[in-house]
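The residues making up each chain are set out below.
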Amino acid sequence: RNLLYVYPQRLNFGNRLASARNITVKIQFLADEDLNNPMQVIFGKSSSAEFVSEMYTSVTYHNKSPDFYEEVKLKLPAKITGKHHLLFTFYHISCQQKQNQGGSSETLIGYSWLPILMNERLQTGHYCLPMALERLPNKYSMHSPEKIPNQNPPVKWVDGHKANLAQLTFESVVSIVNSLHNSPDLSKDQHGRNCLLMSYVHYVFRLPDIQKELAKGVSAPPPVFPESRYYTVGRSSAAHVGSRLLQSRIMSSSNPDIAGTQALTDEEVKNAMSSKGMDRSGVRMSSYVEVSSYFHNASSVGRSSTRKQFHEELALQMVVSTGMVRENVFKYAWFFFELLVKSMAQYFCMMEKQESSRKLRFSDRFKDDITTIVNVVTAEIGTILVKQQKETEQAEKINVSLAFFLFDLLSLMDRGFVFNLIRNYCCQLSVKLQSMPTLISMRLEFLRILCSHEHYLSLNLFFITNLSAPASPCLSISSQNSSSSSSVQDQRIANMFELSGDYRQQHFLTGLLFTELAAALDAEVEGIAKVQKKAVNAIVSLLCSHDLDSRYSKPEIKAKVAALYLPLIGIILDALPQLYDFTDARTRKIRPSSSDGETETNPINQSVASLIAGNPGNTMLKSSATTFSSLPSKQLTPLVADASQDLLISFLWILKNADQNLIRKWIIDLPVTQLNKILDLLHLCVSCFEYRSKVTSDKVSTQALQKSKHTKARLEEVLLGNAGARGEMMKRCRGPGNERNFGINENLRWRKDQTQWRQGNERQEKTKADLDQEALVSGNLVTEANLVILDTLEIIVKAISVSDCKDSVLGNILRVILHSLGCNQSSYYLTHCFNSLRALIAKYADVLFEEEAEQCSDMCQRVLHHCCSSMDSTRTQACAVLYLIMRHSFSTISNFARVKMQVTMSLASLVGKSSDFNEEYLRRALRTVLAYAEEDEDMQPTMFPIQVEELLFNLNSILSDTVKMREFQKDPEMLMDLMYRLAKGYQTSPDLRLTWLQNMAEKHTKRQCYTEAALCLVHAAALVAEYLSMLEDHKYLPVGSVSFQACMFESVNEVYKVIIPIQEAHRDVSKLAYIHEKLKKAFESITTKGSKRMFGTYFRVAFYGAKFGDLDEQEYIYKEPAITKLPEISHRLEAFYGQCFGDAAVEVIKDSSPVEKGKLDPNKAYIQITFVEPFFDDYEMKDRITYFEKNFNLRRFMYTTPFTKDGRPRGDLKEQYKRKTILTTQHAFPYIKTRINVIQKEEFILTPIEVAIEDMQKKTLELAVATQQEPPDPKLLQMVLQGSVGATVNQGPLEVAQVFLAEIPEDSKLFRHHNKLRLCFKEFIMRCGEAVEKNKGLIATDQKEYQQELKKNYNKLKENLRPMIGRKIPDLYKPVVKIHKGSFKRSSFRKNETSPSSTQNS
């Protein structure tokens, strides 16, 4: 069959003024021009005949340009003539009949047709047909509608016998773009843009030259182009593709009859690459500007009124496009936006409208079309994100393309109009999207591109602030009185730090960006962390670009730029609980942000989010000397380290560049809570910007804090800038050859083709030079950041001097300064920091010494630490501060006494904790302080110099005591002994004793000796309790340190028994709840872990040799971690003392026999190490029932040594003796030390038969335990049985019996042992029988033979032992009653009076 398929696609009736809106098309197949005789060759639908003569399309209600989706299937006749044709008749369908109108509801509109044969060939393909109105022409079937001869009267046509070539051309362009994008032969860039299309927009496309066209005349024939054209791709298909692009460029006007002029190849390339050389590759703005030179000689002759502008027609077609055309326009929106923007730029350059008002550059209709395009594209983005979540990447690309389009419109159109488009975009997207992270992310990416505009600051009116703007349109400042004026001025300054409605109106783009940042920080939904990081990165990128921009390098301009970002300070202050805590980066902890109230679960309100930043009413921070506390209303998402660091560096950049007088006036009026919040933020900045050496940087290169080289450089430049003496100093510190050439591409940073779409923190392989450079930049950055912090602190000090809140703020100021002194800092910073600290002490000495005693103690320790510095300048500054502290505290006796104690404690703590302090430098510093006291003429008449001398003498004594301790840094046991001795030496100074106990606890913690560390702390608590009981007589206080026990779960209860009465007396319910929660966990741990806990392992260590000095002939019990083997401690001690005395001079004695010192080499050091076990008497075992009790409060330990009388350690059973040695220690384990002296030694020697009794008792106990175990363990039971009755070991118990029980001993002293061993064997054989029976019930079917073998061996052993077990010693038993005949035949015995044992066991 010959089949023909007809697909009507669309009809454009939009330019007609008639009311035809409900349009249908009747399709017929005719053999001639008789309209009443159509051929029945159209396949009918299922509800009609097989073949019909006509087919109607469906009606789209009220649409003048409908799309059709019908398929018409025709059966062609066998013979086709030139008169066969398809006839299309167009009708308007009336939905409601008018009163004066009768008949059919169809109203004829017009006709069109398509001849089937053309040049004797069947016509197939796509056709765009014009429509004839009223009637069909004569002999129409012989001609195509486009080439119908002139008729008389003439035929009326829609659009003057022309198809809508603008729509056709646009659809063709869309089709070409779609084909090129999907072509596998053409490359794409990293953003998915077709390189050929990009080249076309940048180099090929241009508007035609009107003046040359007018000179040639409109009817001039189109030029003939040579075949050798300039193409952008070097492939075989390039010529064809290039010609299609060329035709599209020539037909760029809506009027197809006007041919565009075309330059030759070399001329076009010259025009494309002129004026700026290769630098303008990919730079669109330069190609816009050069159009002005192209049209420079053209006069300002406007276009004909009938001619449409290209950009207007392109915008119109983008608006009215439907179906697949519209989908492709969205899909490749970047191309049409680029085309639209370039045509707009060329148009207003060609028409010389550069100087005209932006509002008059483009027509109102074109603006309406642009508004429609932006609204439609925004709606499409929302639709894709909501309904087609898999196409998120496509939505992101469209969003970026729209952002760059509006970015360009800011340079071409009225900026108020563009701002309205931006506002509509944000509002429309908010309505469409319900997912907060997606919404903020899309808007952030959109705003990030807009904010990269070259004139971003001017667009935001950064030169206008609340101070420069009038307060009211009807009142002037001069008309108000002075107090009112001051109040208004203060309010204006406060408003500058808030994200208010006025701010967002004056600074539109920045206000939008800050609103998005505040909303991201305030959101509490899943997935918001990445969005927060993106928002922060956008802010930091902007600040970097401002800082690098040479146009804003002057300080006064930078101050205005910084003023634009003042609301960011309020946003960061509100986000303080969310910031990453850099104080302890190793634990990666987050700042506390929990609330006492209930957590809100309501989603964020956009109207509230736009106003949350900088609102003092919402800031409820209460400062603490040790922690940051806040009370936010809900649980907020914590920020990662990168985002927190970027926010902090933005905060410091604003503080550095803003007007210092403005900052000071703002601080003066802040409430105390806000001031302390700022100080908390500065404290966090100090922790964040701490110098880390190159080694540390290498270790943390995989962590979030590690930045790429480019990002580090940007951060440095952000703070360094080019202004100020410090900036110059920092540049000099960088040295020659380290300067960066950042200015090379400065003038390109706002151009979108140069914008980096990828993230700036991509991983890069780093060379050693890069790492060295990063370390240098990091050092400079840390110094500059801390100098900015110090400047801010000085501003705050000056501000509070005129206010009443200094008492509550000074402590936090001092805390920030001391924290910076505790971090790694440069000597340059330390010089300035010590100057500020001295000024603070001189100005507020009384307040600091009276109210901030703990801070002063910390200050003494920090200053003493820097007195050990190897840098002379740092040491000199620290000495001056230390002397100033003493001098200003001398005015009050109590203060000076406290300072002396604090300095002494600080020195003790310093030498106890710090392993790198230099003793010599510290002694020099103390001599310097003494020199200051002797040369201070004002203090000579007082007792101050004498007291300083006494204090320094004590400090030197402490140093001398610690010299020896420094020698044993690598010997932890000896070091603990020395620290213990020092702590005991401070019995008259409880504070120092507590300090040394705390030092010991820290040392134990580092060695993971947590039990000993806990005991040190409980010791300290006991001392405090003892002194409190001496000072205050309260019933709830513990009486002395005896009340304290410590360590492990069971002891938790004992400790809290002492603490609970104190908390009950104070009615502290929250702490009582905490205590009982701890008790609950401790008891649960006892229940779950029980005997599975592993306590310490103990060894006896004895030292012999003069090389050991005081340790010679000393014995200790060492407590080692659980499961420590003898070779481990032996190797550790041998290796350590081998380093001290030489490997050849150290020898480990392998056995535990008594050492005869006379036989030892005096030139060697001997160490004897023996494993020992806790020893308990029988009466002790009654109280030590639990596993914990058997491992706690241990003072007696035992080890055994086998020997024979001839000196051999091992011999026959009759010759084998055993020595039991029991050692008693000075203190009970666990203790605050891991080794304790042995103060008593006892020895017991067991005879061979006693050794045999002990061995048999041990075997019997093993059998009893294995038999009674629940649940039973078959493997353990069989293993014990095999060792007792197995064939291979029968000789073990049997041989013992044969040696000691075969004959009655001659010595009566051995009778008792003989009988005891007999009873042991009797119990042993009984336990063996129980075990064999127990095993019978546990074995599987495949182990029956094994069970029979065990039974056989057991019976054999029992028979062999029977005569020896049953034999009794006659002398041990005597008859108590003489038996006469007729009485019981069984004899009764009782024990001999000399024997306390009973006969019942026999």
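Residues numbered from 1 in each chain as written. Predicted model: local features only at pLDDT ≥ 70, side-chain atom pairs only at ≥ 80, totals over all residues. Heavy atoms only, no water.

What about the pattern of salt bridges?
Right, on to step 1. One pass over the full model with this rule turns up 40 salt bridges.
Right, on to step 2. Residues Glu 784 and Lys 656 are paired through a salt bridge, measuring 3.5 Å at the closest nitrogen-oxygen approach. Note that Glu 784 is positioned in helix H28 (residues 768-800) and Lys 656 in helix H22 (residues 641-657), a separation of 128 residues in sequence.
Right, on to step 3. Glu 784 gets classed as buried once you look at its relative accessible area, which sits at 2%.
Right, on to step 4. Glu 1270 is paired through a salt bridge with Lys 1334; the nearest N and O atoms lie 3.9 Å apart. Pair noted here: Glu 1270 is in the loop between helix H43 (1248-1268) and helix H44 (1274-1285) and Lys 1334 is in helix H46 (residues 1311-1336), with a separation of 64 residues, a long-range link. (Salt bridge = Lys/Arg side-chain N within 4 Å of Asp/Glu carboxyl O. Helix = DSSP H or I, 4+ residues; strand = E, 2+ residues; numbered from the N terminus. Buried < 20%, exposed > 50% of the residue type's maximum accessible area, 1.4 Å probe, protein only.)

Focus: the sheet that holds strand E7 (residues 85-93)
Right, on to step 1. A sheet is described by the order of its strands in space; here 5 strands give the open sequence E5-E2-E7-E8-E11, paired in antiparallel fashion. Both edges of this open sheet fall to strand E5 (54-56) and strand E11 (132-133), since each of them pairs with a single strand only.
Right, on to step 2. In this sheet, E11 lies alongside strand E8 (residues 106-115) in antiparallel orientation, the contact comprising 2 bridges. Bridge pairing in E11 links Tyr 111 to Ala 132. (Pairing = 2+ DSSP bridges.)

Brief notes about the side chain of Asn 812
Right, on to step 1. Among the structural elements, Asn 812 can be located in helix H29 (residues 806-822).
Right, on to step 2. Here Arg 815 takes part through its side chain, which lies 3.1 Å from a polar atom of the side chain of Asn 812. (Polar contact = N/O pair within 3.5 Å; in protein donor to acceptor, adjacent residues only side chain to side chain.)

A look at the packing of aromatic side chains
Right, on to step 1. Applying the stated criterion across every chain yields a total of 34 aromatic pairs.
Right, on to step 2. The interplanar angle of 50° and the centroid separation of 4.7 Å between the aromatic rings of Phe 43 and Phe 51 together place this pair among those described as tilted.
Right, on to step 3. Judged by relative accessible area, which is 22%, Phe 51 ranks as partly exposed.
Right, on to step 4. With 5.5 Å between their ring centres and 40° between their planes, Phe 362 and Phe 366 make a pair best called tilted.
Right, on to step 5. Given a relative accessible area of 5%, Phe 362 falls into the buried group.
Right, on to step 6. Under the relative-accessibility criterion, Phe 366 is labelled buried at 1%.
Right, on to step 7. Members of the aromatic cluster, each reached through a chain of ring pairs, are Phe 170, Tyr 200, Phe 205, Phe 310, Trp 334, Phe 335 and Phe 336.
Right, on to step 8. Directly above the ring of Phe 43 sits Lys 73, whose terminal nitrogen or CZ lies 4.7 Å from the centroid.
Right, on to step 9. Above the ring of Tyr 1116, the side-chain terminus of Arg 1235 is found at 4.3 Å from the ring centroid. (Phe/Tyr/Trp six-rings, centres within 6.5 Å; stacked < 30°, edge-to-face > 60°. Lys NZ or Arg CZ within 6 Å of the ring centre and 35° of its normal.)

Here we look at helix H13 (residues 436-450)
Since the α-helix turns once every 3.6 residues, residues separated by three or four places project in the same direction.
Right, on to step 1. Taking 1.5 Å of rise per residue, the 15 residues of H13 would be expected to cover 21 Å, and the 21 Å separating its terminal C-alpha atoms lies within 8% of that figure.
Right, on to step 2. Counting buried residues along H13, 13 of its 15 residues qualify, which places the element largely inside the surrounding structure. (Expected span 1.5 Å × (residues − 1).)

Some words on a positive patch on the surface
Right, on to step 1. On the surface, Arg 664, Lys 665, Lys 798 and Lys 843 cluster together to form a positively charged patch.
Right, on to step 2. Here Arg 664 is to be found in helix H23 (residues 660-668). (Patch = residues over 30% accessible without salt bridge, like charges linked within 9 Å, V, L, I, M, F, W, Y side chains within 5 Å. Areas by Shrake-Rupley, 256 points an atom, 1.4 Å probe, with all protein chains shown as cover. Lys, Arg positive; Asp, Glu negative; His and termini not counted. Charge placed at Lys NZ, Arg CZ, Asp CG, Glu CD.)

Remarks on unusual backbone geometry
Right, on to step 1. In the segment running from Phe 1229 into Pro 1230, the intervening peptide bond is cis, with an omega of -5°.
Right, on to step 2. For Pro 1230, the location among the structural elements is in the loop between strand E19 (1217-1229) and strand E20 (1235-1246).
Right, on to step 3. The step from Glu 1270 to Pro 1271 runs through a cis peptide bond, and the omega angle for that step is -5°.
Right, on to step 4. Among the structural elements, Pro 1271 can be located in the loop between H43 and H44.
Right, on to step 5. Unlike most non-glycine residues, His 62 shows phi in positive territory, near 55°.
Right, on to step 6. With respect to the helices, strands and loops of the structure, His 62 is situated in the loop between E5 and strand E6 (72-75).
Right, on to step 7. Of note, Lys 139 is a non-glycine position whose phi angle comes to about 50°, a positive value.
Right, on to step 8. Within the secondary structure layout, Lys 139 lies in the loop between E11 and helix H1 (165-181).

Side note on the packing of helix H32 (residues 872-889) against helix H34 (residues 919-935)
Right, on to step 1. The geometry of H32 relative to H34 is characterised by a closest axis approach of 9 Å and an angle of 50° between their N-to-C directions. What the angle tells us is that H32 and H34 run oblique. Remark: the crossing between H32 and H34 carries right-handed chirality. Here Arg 875, Thr 876, Cys 879, Ala 880, Leu 882, Tyr 883 and Met 886 of H32 come into contact with H34, specifically with Tyr 921, Arg 924, Ala 925, Thr 928, Val 929, Tyr 932 and Ala 933.
Right, on to step 2. Partitioned by chemical class, the residues of the contact of H32 with H34 number 10 nonpolar, 2 polar and 2 charged. (Axes fitted to C-alpha atoms, helices over the stretch in contact; angles between N-to-C directions. Parallel < 35°, antiparallel > 145°, perpendicular 65-115°, else oblique. Left-handed = near helix turned anticlockwise from the far one by under 90°. Contact = heavy atoms within 4.5 Å. Nonpolar A, V, L, I, M, F, W, Y, C, P; charged D, E, K, R; others polar.)

Notes on the environment of Glu 454
Right, on to step 1. By the secondary structure assignment, Glu 454 is in the loop between H13 and helix H14 (456-459).
Right, on to step 2. Measuring from C-alpha to C-alpha, the distance between Glu 454 and Ser 411 comes to 9.3 Å, with 43 residues separating the pair along the chain.

With respect to a negative patch on the surface
Right, on to step 1. A contiguous patch of negative charge, built from Asp 807, Asp 846, Glu 850 and Glu 851, is present on the exposed surface.
Right, on to step 2. The element contributing the most residues to the negative patch is helix H30 (residues 827-851), with 3 residues.
Right, on to step 3. You can see Asp 807 is positioned in helix H29.
Right, on to step 4. Assessed through its relative accessible area of 49%, Asp 807 is described here as partly exposed.

Description of the nonpolar core
Right, on to step 1. Phe 336 and Ile 813 are the most contacted members of the largest nonpolar core, which has 253 residues in total.
Right, on to step 2. Among the elements that take part in this core, helix H9 (residues 333-350) stands out by supplying 14 residues, more than any other.
Right, on to step 3. Once you skip the residues sitting within four places of it in the chain, Phe 336 turns out to touch Phe 170, Val 173, Val 174, Val 177, Leu 314, Met 318, Asn 328 and Val 329.
Right, on to step 4. Ranked by size, the runner-up nonpolar core spans 29 residues in total, among them Ala 1252, Ala 1266, Leu 1277 and Phe 1324. (Core = buried A, V, L, I, M, F, W, Y, C linked by side-chain atoms within 4.5 Å.)

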